[in-house]
Amino acid sequence: MWHDHMWNGPWMMGWGIIPMVFFWLLVIGVLIYLIKSLLSDRSEEAADSSVQILKERLASGDIDQAEFDSLIEKLKHTQ
């Protein structure tokens, strides 16, 4: 039975779901991208601040070069 409403036409049965699937894939993809970018920015900032603190401690004489190198290696393995 044919109705003049756009959602009840015979063409919407096959093509109506395709744009909806693409829309939800796009929404999910954008959400994943945003979450990953937010998480990676925080981990990079934390690593940079840790290295900066170690450099300041080395410069002030709190730690020696061997301890600095050891701590830098530990930071590299935790990331």
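Up top is the structure these notes are about.
The text that follows walks through the structure, step by step, so that each part is easy to find. None of these values were measured; they are calculated from a predicted model.

Before going further, it helps to examine the overall build of the chain. For the chain, the helix and strand inventory stands at 3 helices and 0 strands. Along the chain, from the amino end to the carboxyl end, the secondary structure elements read α-α-α. Scored against the burial criterion, the 79 residues of the chain give a buried share of 8%. Roughly 7,100 Å² of accessible area belongs to the chain as shown, and the carbon and sulfur atoms make up 67% of that amount.

Once that is clear, we can look at the packing of aromatic side chains. Applying the stated rule across the entire model yields 1 aromatic pair. With a centroid separation of 5.1 Å and 75° between ring planes, the pair formed by Phe23 and Trp24 is classed as edge-to-face. For Phe23, a relative accessible area of 45% corresponds to the partly exposed category. For Trp24, a relative accessible area of 48% corresponds to the partly exposed category.

Moving on to the environment of Leu75. Looking at the element boundaries, Leu75 is found in helix H3 (residues 65-78). Beyond its immediate stretch of four places on either side in the chain, Leu75 contacts Ser50, Val51 and Leu54.

Scoring rules and cut-offs
- Residues numbered from 1 in each chain as written.
- Predicted model: local features only at pLDDT ≥ 70, side-chain atom pairs only at ≥ 80, totals over all residues.
- Heavy atoms only, no water.
- Helix = DSSP H or I, 4+ residues; strand = E, 2+ residues; numbered from the N terminus.
- Buried < 20%, exposed > 50% of the residue type's maximum accessible area, 1.4 Å probe, protein only.
- Areas by Shrake-Rupley, 256 points an atom, 1.4 Å probe, with all protein chains shown as cover.
- Phe/Tyr/Trp six-rings, centres within 6.5 Å; stacked < 30°, edge-to-face > 60°.
- Contact = heavy atoms within 4.5 Å.

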